[in-house]
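Coordinates in review
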Amino acid sequence: GAGVSQSPSNKVTEKGKDVELRCDPISGHTALYWYRQSLGQGLEFLIYFQGNSAPDKSGLPSDRFSAERTGGSVSTLTIQRTQQEDSAVYLCASSKPGQGTYEQYFGPGTRLTVT
Amino acid sequence: SQQGEEDPQALSIQEGENATMNCSYKTSINNLQWYRQNSGRGLVHLILIRSNEREKHSGRLRVTLDTSKKSSSLLITASRAADTASYFCATDNGGTSYGKLTFGQGTILTVHP
């Protein structure tokens, strides 16, 4: 079946602009996660959606970052007023923890470059 | 900050040899997972070991978990050039962090043909 998809695959933006990154999880997966991977920081958790529960936003680095998940499926990560330190690969993953399946399935990522 | 610390940071071996990577963590876990990443993009899940398990096998992979030492190891036997990738351990700490993974810094494995 289809895996996790992310768009765009690459995004170049100017400092100060807003960007939106999209994630389509695997159908039926109730949990959705966003991570960020950069050279200096490794893989960092950003935000976690599970079903209808309030999202775990504990990893968002600043209030310029926000995410939403509409209809329990597609998610959008928004970064406002981008800074050069936001340059990274943003990875989305989904899983079915409610059914005891804890492994996460990752998308190919969006490489964000802020110039 | 990363809970998992992995060593070595880089490992270079010949095809056919075994590769062992280690991971240490700081807090109690629900489970520990290993992932592989090629070319800096999407991660692929390899194996999951629960906190009440000590060893698990999957094909050429063998994972051990020692909760008393808060450490895990991943062994790849009879390595192939296609195993060249970065390998990450990730801990699921359960509780209020249920399902959220904390990744180690990773081990870069190079297998020479």
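You'll find the structure just up there.
**Focus on the interface of chain A and chain B**
Counting from both sides, the interface comprises 26 residues of chain A and, opposite them, 22 residues of chain B. Taken together, both faces of the contact between chain A and chain B bury some 1800 Å²; the carbon and sulfur share is 49%. Together, Leu43(A), Tyr102(A) and Phe106(A) form the three largest contributors to the area buried by chain A at its contact with chain B, with a combined 34%. Connecting chain A to chain B are four residue pairs in polar contact (both at pLDDT 80 or more). For the side of chain A that touches chain B, the secondary structure elements donating two or more residues are strand 4 (31-38), strand 5 (42-50), strand 8 (88-96), strand 9 (101-106) and strand 10 (110-114) of chain A. Counting residues per element, the side of chain A that touches chain B draws most heavily on strand 5 of chain A, which supplies five residues. Partitioned by chemical class, the residues of the side of chain A that touches chain B number eleven nonpolar, eleven polar and four charged.

**Side note on the layout of surface pockets**
Computed from the structure, the largest pocket encloses a volume of approximately 450 Å³. Lining the largest pocket are 19 residues; nearest its centre among them are Gln37(A), Ser38(A), Leu39(A), Gly42(A) and Phe88(B). Taken together, the elements giving at least two residues each to the lining of the largest pocket come down to strand 4 and strand 8 of chain A together with strand 1 (5-7), strand 9 (85-92) and strand 11 (107-112) of chain B. When the residues that make up the lining of the largest pocket are grouped by side-chain class, the tally is five nonpolar, eleven polar and three charged.

**A word on the sheet that holds strand 6 (residues 65-69) of chain A**
Residues and elements named next belong to chain A. On the basis of which strands lie adjacent, the open sheet formed by four strands has the order 1-3-7-6 and antiparallel pairing. On the outer flanks of this sheet lie strand 1 (5-7) and strand 6, each paired with one strand and no other. Between one strand and the next, the sheet's axes are offset by a mean angle of 15 degrees, whatever the strand orientation. With three bridges joining them, strand 1 and strand 3 (residues 19-24) adopt antiparallel strand pairing. Residue pairing across strands places Ser7 opposite Arg22, the latter belonging to strand 3.

**Notes on the state of the cysteines**
All names here are of chain A. Across all of its chains, the model carries two disulfides over all chains by this definition. Two residues share a disulfide in this structure: Cys23 and Cys92, whose sulfurs sit 1.8 Å from each other. For the disulfide bridge between Cys23 and Cys92, the dihedral angle about the S-S bond is near -65 degrees, and by the sign convention the bridge is left-handed. With a gap of 69 residues between them, Cys23 in strand 3 and Cys92 in strand 8 connect regions that are remote in the sequence. Its relative accessible area of 0% is what places Cys23 among the buried residues.

Conventions we followed
Residues numbered from 1 in each chain as written. Chains lettered and ligands numbered in written order. Predicted model: local features only at pLDDT ≥ 70, side-chain atom pairs only at ≥ 80, totals over all residues. Heavy atoms only, no water. Contact = heavy atoms within 4.5 Å. Buried area = accessible area lost by both parts, 1.4 Å probe. Polar contact = N/O pair within 3.5 Å; in protein donor to acceptor, adjacent residues only side chain to side chain. Helix = DSSP H or I, 4+ residues; strand = E, 2+ residues; numbered from the N terminus. Nonpolar A, V, L, I, M, F, W, Y, C, P; charged D, E, K, R; others polar. 1 Å grid on protein atoms, 1.4 Å probe; cavity = no way out; pocket = protein on both sides within 12 Å on 5 of 7 lines; lining within 4 Å. Points joined across faces, edges and corners; volume = space filled by probe spheres on them. Pairing = 2+ DSSP bridges. Axes fitted to C-alpha atoms, helices over the stretch in contact; angles between N-to-C directions. Disulfide = S-S within 2.5 Å. Buried < 20%, exposed > 50% of the residue type's maximum accessible area, 1.4 Å probe, protein only.

Don't take any of this as a statement about function, it's just geometry.
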